[in-house]
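This is what each chain is made of:
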Amino acid sequence: MRGVLASLFVRGGHRPSRARTIVFALLFAYVGTALMLLFGVLFQPMIDAFSGMGLTWLYFALYASMVFALGVVGTVFIASAQIFGPRDNELLLALPIRPGHILISRILVLLTVEAVVTLLVLVPVTVIWLRAGLGSVAGMLMLVAGTALLPLLALSVSLLLAWLLSVVGQRVRFKNLVTLVVSVAFLIGYLYIYSNIQRYLNDLIARGEEFASAFSRAMPPFYSFGVAVAEGNPAQFAVFALWAVLPFGLVFLLLSSRYLRILTTRRGSRRVRYQARELRRSGRLLALTRKELAYFWSRPAVVLNSSIGSVFLLLGAVLLLVNRDNVLGSVETFMAVVPGATFPGIAVAAVAAVGSANNLSSSLVSLEGRSLWIARSLPVGPMTVIQAKINAHLTVSALPALIASVLLGAAVAEGPKDWAAIVLIPQTFLVMLAFAGAAVNLVLPRLDWISEVQVVKQSASAMAALFGGMGIVAGLALLYAFLVRDLMALDAYLWLCGAVFVAATIAVYAFLRRGGVERFEGLAA
Amino acid sequence: MLRIENLTKTYGDKRAVDDLSLHVGPGEIYGFIGHNGAGKTTTIKSVCGILQFDSGTITIDGHDVRREPLLCKARTAYIPDNPDLYDFMTGIKYLNFIADVFDIDAALRNERIHRYSDMLELTADLAGAISSYSHGMKQKLAIISALIHEPRLLVLDEPFVGLDPKASRAVKDLMRQKCDEGAAVFFSTHVLEVAERLCDKVAIIKGGRLVAHGPTDEVRGDSSLEDVFLELESDQQ
């Protein structure tokens, strides 16, 4: 367990510096606070409505189902990678450790992740409940104890789903494509529900009693949880505890009894006999860029985590094509509450903000991992290797952004000036992010990973690039709305931003050529 | 072909390689022997330009690895002790990628890839994903990729680990053939019998310092290389 946790927080046997710890603590505090506020906004209208109808239990039942859903969504892919796919499974199996203990150590890490997610919902839900004057000591005790058990229920489901993913992954022919399609479909479903949550909430409040009755029949564990907390009812708490502990115990017994078999069974792949054919020649940079893209497409976890912005940009473009009026209607509603907003301005900000979720270049140096020796021993300069990684990022990021920009331009541009802004300015920003991501990865590399997920999802460079990009868009939008709006027109401000992005790209490029190259040469291959 | 002069590399307080000098001439197979942690891999990685060293000079074919790293890498082939290759590629795509980076003409790469693959009996598996290869197959692929650009210097870290006897023999023959063509081979090994039979010269390293080096017959004297090695080990303790 200590080993697994160390792999998350300690690099190459060294603890992170105090400054780095403080920066990341602040970053986590910022993200945590933002998410708690988000959940607070979601739950605030429920407490008055449900308590007025005598359905306070529904408030807690919905809290429990939210924690459950987030727990499953948040851990299913991590469980698939950490429990069924890490590189160190064989090493651990060779040690005198029971397979069940390996499983427990990995499950404890997942429970830690779920506990953090749960806390983000628990805090606002509890504050809202206490502020409404409905809290009781017994209820509080059951809320805390029940919340401690909730991750078990979520984990039972995510473990089974992760197992299913791993079994399906071994049997299907186009494993990567299938994993990718299933994951994107899963994500679209999740986003669809999330984007309609306000409507569901309004329906829920309007038809509270009807919904409560259906909910209590369909979701007995959450019903028991809700009644236990709202009424301080120990009998219902015991029922909920059984719902949480029993399935988890059964899933754990099932997995631990088969864990050795699961880890050691490899379905052989069909042997493809080589047929000699002419090999085509490419230039060095093109060959290196193709290699980066081949890696990217071979790893669904990398595609999903490092280029999710492109997925959203393409989905957004499709949505704009099929549902133009509704999308523009929503944008108009948004414009009404944002000072100084215009259609082209929002189009630029939207493509930049969504595109900033692409952070592939911030992982590609780390993802070299144990094969870094190849890039280091080849007769190509470090800058060429770095450039290939940036090219791969741009290939994945620029084209979807361009498609989205062109469609947005067709929908909202009123002249060549709007067109130029919508198409060019987001590209200057996304190019800057591609270069900056590579620089961040060279400053914060992580080569000792055992699963790619640790790099693309949990590494310092990936998080810094993701939050940094989004922070820049948010910061520039706020700067305009509250400070610059009276000083200059929006289109002038956007072009100024574009010029700053170009200058920043040149500065980052200059850093890469000196500091970046030095850091690459200093990496232990 | 390879000149190492006063090479020193430290990790924190530990001197992994301490003032090491050796020369490998064209046509020579040079064995590098030492216990685990003696400094073999550190020396090899420094030669290949993938590890920065503290002081000393390394030249390959007259080119300084620090000042002209790309020229040196273009003349060198390196095979690490554990060939972690790009397992998301097929064998043939990996070889073609290496040929691209070394800028090998299309006709030449076709001929060389197939010649060396046939020699190491890997041709039939070239369409398979590297992730499905055994350790020995990966080692063979790494060796083929190292030969595509006809290097002047072959630097191999434990090259026989994982190879079956037939492939092991083929690699030894290849090493001799390359040396006959004017190249040089510098390799580390723990298998002293192999070093004794194959190497024109050997160097024994202990605690980062060379404790013996020269023509194999001279280093060995009237005893076996194993006896000399064990004797030097015990003398130094």
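Calculation rules
Residues numbered from 1 in each chain as written. Chains lettered and ligands numbered in written order. Predicted model: local features only at pLDDT ≥ 70, side-chain atom pairs only at ≥ 80, totals over all residues. Heavy atoms only, no water. Helix = DSSP H or I, 4+ residues; strand = E, 2+ residues; numbered from the N terminus. Contact = heavy atoms within 4.5 Å. Areas by Shrake-Rupley, 256 points an atom, 1.4 Å probe, with all protein chains shown as cover. Lys, Arg positive; Asp, Glu negative; His and termini not counted. Charge placed at Lys NZ, Arg CZ, Asp CG, Glu CD. Buried area = accessible area lost by both parts, 1.4 Å probe. Salt bridge = Lys/Arg side-chain N within 4 Å of Asp/Glu carboxyl O. Polar contact = N/O pair within 3.5 Å; in protein donor to acceptor, adjacent residues only side chain to side chain. Nonpolar A, V, L, I, M, F, W, Y, C, P; charged D, E, K, R; others polar. Core = buried A, V, L, I, M, F, W, Y, C linked by side-chain atoms within 4.5 Å. Buried < 20%, exposed > 50% of the residue type's maximum accessible area, 1.4 Å probe, protein only. Pairing = 2+ DSSP bridges. Axes fitted to C-alpha atoms, helices over the stretch in contact; angles between N-to-C directions. 1 Å grid on protein atoms, 1.4 Å probe; cavity = no way out; pocket = protein on both sides within 12 Å on 5 of 7 lines; lining within 4 Å. Points joined across faces, edges and corners; volume = space filled by probe spheres on them.

Visitor: Hey, could you run me through the overall build of chain B in this one?
Guide: Along its length, chain B carries 9 helices and 10 strands. Restricting the contact set of chain B to residue pairs at least 6 apart, pairs at least 24 apart contribute 66%. Within the structure as shown, chain B displays about 9,300 Å² of accessible surface, and the carbon and sulfur contribution to it stands at 47%. Taken as two groups, the 27 positive and 37 negative side-chain charges of chain B have centres that lie 4 Å from each other.

Visitor: Where do I start with the interface of chain B and chain A in this structure?
Guide: By a frequent convention, interface size equals the accessible area lost on bringing the separate parts together. Taken residue by residue, the interface counts 40 residues in chain B and 36 residues in chain A. Across the chain B/chain A interface, buried area totals approximately 3,400 Å², and carbon plus sulfur atoms make up 59% of it. A per-residue breakdown of the area chain B buries against chain A is headed by B:Tyr86, B:Phe88 and B:Val101, which together make up 18% of the total. Counting the contacts that link chain B with chain A gives 3 salt bridges. Between B:Asp105 and A:Arg281 there is a salt bridge whose closest N-O contact spans 3.9 Å. For the pair chain B and chain A, the interface holds 13 residue pairs in polar contact (both at pLDDT 80 or more). Sorting the residues of the side of chain B that touches chain A by element identifies α2 (69-75), α3 (91-101) and α4 (106-119) of chain B as the ones contributing at least two each. When residues in the side of chain B that touches chain A are grouped by element, the largest group, 7 residues, is from α3(B). Residues of the side of chain B that touches chain A, tallied by class, amount to 23 nonpolar, 8 polar and 9 charged.

Visitor: What exactly am I supposed to notice about the nonpolar core here?
Guide: Within soluble globular proteins, side chains that are nonpolar tend to cluster in buried spots. Within the largest apolar cluster, 129 residues are counted, with the highest numbers of intra-cluster contacts made by B:Tyr94 and B:Phe186. Residues in contact with B:Tyr94, not counting those within four places in the same chain, are A:Trp373, A:Ile374, B:Leu85, B:Tyr86, B:Met89, B:Ile130, B:Leu141 and B:Ser145. Counting 63 residues, the second-largest nonpolar core is a separate cluster that includes A:Phe84, A:Ile102, A:Phe240 and A:Ala244.

Visitor: In this structure, what is going on with the sheet that holds strand β2 (residues 14-24) of chain B? I would like to understand it.
Guide: The pairing of strands in a sheet comes from backbone hydrogen bonds and takes either a parallel or an antiparallel form. Residues and elements named next belong to chain B. If you walk across this open sheet you meet the 4 strands as β2-β1-β4-β5, and the pairing is antiparallel. In this open sheet, the two strands that pair with only one neighbour each are β2 and β5 (63-64). Sheet topology places strand β4 (residues 55-60) next to β5; 2 bridges connect them, and they run antiparallel. Note on β5: the bridge partner recorded for Thr59 is Asp64. Contacts from helix α1 (residues 40-47) reach β1 (2-11), β2 and β4, with the element oriented near 120° to β1.

Visitor: Looking at this structure, I do not really get empty space enclosed by the protein. What am I missing?
Guide: Empty space among the atoms becomes apparent when a probe as large as a water molecule is rolled across them. Tallying each qualifying case throughout the model produces 4 cavities of 30 Å³ or more. Roughly 130 Å³ of internal volume is contained in the largest cavity. For the lining of the largest cavity, the elements supplying multiple residues, two or more each, are α17 (372-377) of chain A together with β6 (76-79), α3 and α5 (135-147) of chain B. Sorting elements by how many residues they give to the lining of the largest cavity places β6(B) first, with 4 residues. Residue composition of the lining of the largest cavity, by class: 11 nonpolar, 4 polar and no charged. Each pocket or cavity is described by its volume, and for the second largest cavity that value is around 70 Å³. In terms of lining, the second largest cavity is formed by B:Ile79, B:Ile143, B:Ala146, B:Leu147, B:Leu154, B:Leu156, B:Val171, B:Leu174, B:Met175 and B:Lys178. Contributions of two or more residues to the lining of the second largest cavity are made by α5, β7 (153-157) and α6 (165-180) of chain B. When residues in the lining of the second largest cavity are grouped by element, the largest group, 4 residues, is from α6(B). Counted by class, the lining of the second largest cavity contains 9 nonpolar, no polar and 1 charged residues.

Visitor: Just to check I follow, could you spell out α3(B) for this structure?
Guide: Since the α-helix advances by 3.6 residues per turn, residues separated by three or four positions end up pointing in the same direction. Counting buried residues along α3(B), 10 of its 11 residues qualify, which places the element largely inside the surrounding structure. Among the residues of α3(B), those classed as buried are B:Gly91, B:Ile92, B:Tyr94, B:Leu95, B:Asn96, B:Phe97, B:Ile98, B:Ala99, B:Asp100 and B:Val101. Buried positions along α3(B) lie against α12 (284-298) and α17 of chain A together with α4 and α5 of chain B.

Visitor: What's the story with the pattern of salt bridges in this structure? I'm lost.
Guide: Pairing is possible between side chains that carry opposite charge, provided their charged atoms lie close to one another. On inspection of all chains with the given rule, the structure shows 31 salt bridges over all chains. Between A:Asp325 and A:Arg324 there is a salt bridge; the shortest N-O distance is 3.8 Å. With relative accessibility at 36%, the residue A:Arg324 sits in the partly exposed group. Between B:Glu111 and B:Arg115 there is a salt bridge whose closest N-O contact spans 2.6 Å. With a gap of 4 residues between them, B:Glu111 and B:Arg115 both fall in helix α4, about one helical turn apart. The class of B:Glu111 is partly exposed, set by a relative accessible area of 37%. Each member of the salt-bridge network shares a partner with another, and the members are B:Glu111, B:Arg112, B:Arg115, B:Glu150, B:Lys178 and B:Glu181.

Visitor: Can you walk me through the environment of A:Leu407 in this structure?
Guide: Residue and element names in this part refer to chain A. Within the secondary structure, Leu407 sits in helix α18 (residues 382-412). Measuring from C-alpha to C-alpha, the distance between Leu407 and Ala317 comes to 6.4 Å, with 90 residues separating the pair along the chain. Setting aside anything within four residues of it in sequence, one finds Leu407 in contact with Ala317, Leu320 and Leu321.

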